[in-house]
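Inside the fold
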Amino acid sequence: MPQTYLITGANRGIGQAMAHQLLDAGHTVIAACRREPSDLIARGATFVPCDVTKQQDVDALADALQPGEVDVAILNAGILRADSLQSLDFDAMREQFEVNALGPLRVAAAIAPKLEEGALIALTSSRMGSIEDNTSGGYYGYRTSKTALNSIAMSLSRDLAEDGIGVLVLHPGFVQTDMTGGRGEVDATTSARGMLARIEEGQRPGPARFRHANGRELPW
Ligand SMILES: NC(=O)c1ccc[n+]([C@@H]2O[C@H](COP(=O)([O-])OP(=O)(O)OC[C@H]3O[C@@H](n4cnc5c(N)ncnc54)[C@H](OP(=O)(O)O)[C@@H]3O)[C@@H](O)[C@H]2O)c1
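Let me sum up the structure you'll find in this document. Computed from a predicted structure; not experimentally measured. (Residues numbered from 1 in each chain as written. Predicted model: local features only at pLDDT ≥ 70, side-chain atom pairs only at ≥ 80, totals over all residues. Heavy atoms only, no water.)

**Things to note about a negative patch on the surface**
Spelled out, the test is: Without a salt bridge and with relative accessible area above 30%, a residue can belong to a patch; like charges are then joined within 9 Å and nonpolar side chains (Val, Leu, Ile, Met, Phe, Trp, Tyr) within 5 Å. Surface accessibility follows the Shrake-Rupley procedure with a 1.4 Å probe radius. Residue values consider only the protein chains on display as shielding. Salt bridges are defined as contacts in which a side-chain nitrogen from Lys or Arg sits within 4 Å of a carboxyl oxygen from Asp or Glu. The charge count includes Lys and Arg as positive and Asp and Glu as negative, but it does not include His or the ends of the chains. Where a charge lies is defined by one atom per residue type: Lys uses NZ, Arg uses CZ, Asp uses CG and Glu uses CD. Note on conventions: DSSP H or I runs of at least 4 residues are helices, E runs of at least 2 residues are strands, and numbering of each starts at the N terminus.
A cluster of acidic residues, Glu117, Asp159, Glu162 and Asp163, forms a negative patch at the surface. With respect to the helices and strands, the residue Glu117 is situated in the loop between helix H4 (90–111) and strand E5 (120–124).

**Side note on helix H1 (residues 13–24)**
Stated formally: For a helix, the expected span equals 1.5 Å multiplied by the number of residues minus one. Each residue is assigned to one of three classes by its accessible area relative to the maximum for its type, calculated with a 1.4 Å probe on protein chains only: buried under 20%, partly exposed between the two thresholds, exposed over 50%.
The terminal C-alpha atoms of H1, which comprises 12 residues, lie 17 Å apart, in line with the 16 Å expected from a rise of 1.5 Å per residue. By the burial criterion, the buried members of H1 are Ile14, Gly15, Ala17, Met18, Ala19, Gln21, Leu22 and Leu23. Phi turns positive one or two residues past the end of H1, at Gly26, with a value near 90 degrees.

**Some remarks on the pairing of strand E6 (residues 166–171)**
Note the threshold: A pair of strands is considered paired only if DSSP assigns at least 2 bridges between the two. Here is how to tell: hold the view so the strands point away, follow the path from the first strand over the helix to the second, and if it runs clockwise the crossover is right-handed.
With 6 of its 6 residues buried, E6 lies for the most part within the structure. Taking every second residue as pointing to the same face, both faces of E6 are buried, with Gly166, Leu168 and Leu170 on one and Val167, Val169 and His171 on the other. Pairing of E5 with E6 involves 5 bridges; the strand directions are parallel. When the sheet's bridge partners are listed, Thr124 is paired in E6 with Leu170. Once you follow E5 into helix H5 (residues 140–160) and on to E6, the crossover reads as right-handed. Direction of pairing for E6 relative to strand E9 (residues 209–212): parallel, over a ladder of 4 bridges. Opposite Val169, over in E9, you have Phe210 as the bridge partner.

So far we have only geometry, and geometry alone does not tell us how the molecule works.
Next comes the structure, spelled out in structure tokens:
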């Protein structure tokens with residue numbers, strides 16, 4: 001059955017690939033991004049300008065939605081600023097927190113009143129946010145912003161369970177996008193296919209799950 005998907009950061013990378021695949025399948029896409037995604041608009045997607053760090057943008061996005069309109073919200077926008085113990089950049093850490101952790105929370109909180117029972121919030125995290133899975137260190141800003149996102153996701157899943165809304169945390173894999181400078185194990189199309197398959201499998205209201213796009217369960 002055709003559904004309506006809201007995607008943040010839909011103008012390039014994994015978000016763009018997911019948007020195209022959803023349009024291919026006949027779904028409705030609301031692309032919330034900073035830059036106009038002309039390729040998606042040409043295919044019938046709705047564009048809502050939205051920087052996830054700007055409360056005004058996020059409020060306007062929520063205002064633009066009808067109650068019950070969105071079936072699935074994919075909070076995908078993110079940034080990576082590489083660092084190491086020898087090259088810490090606290091401003092870059094704060095920036096990553098704003099975009100990767102507070103951004104999705106800002107959007108989720110604003111749109112939650114417009115979601116209805118059976119809706120799903122899928123948060124694009126990273127296994128780099130897993131504490132148990134951290135075997136190589138470094139990336140202080142990126143890792144901690146995604147760890148914070150994972151914690152936020154668990155609270156969201158508890159808070160929204162009574163409204164019948166599920167929360168799913170996804171790792172897209174190591175994906176060839178601008179974020180990785182084109183390096184990675186899979187392309188954005190393959191990653192997006194896995195992400196959407198996990199989303200289609202659904203997530204019951206209750207404690208969030210943390211899953212790899214390939215289907216594996218990930219440790220928090
Ligand atoms: N690629 C990987 O290997 C990998 C691995 C694990 C997790 N992830 C996660 O997957 C998600 C997508 O990454 P990607 O690889 O597709 O990266 P990407 O190609 O760099 O795309 C990032 C997207 O996020 C948007 N964005 C950044 N800051 C934003 C803001 N303040 N407000 C709204 N949109 C913003 C960008 O929009 P602009 O064009 O306006 O900058 C762009 O659409 C991210 O959350 C990332 O952390 C990626």
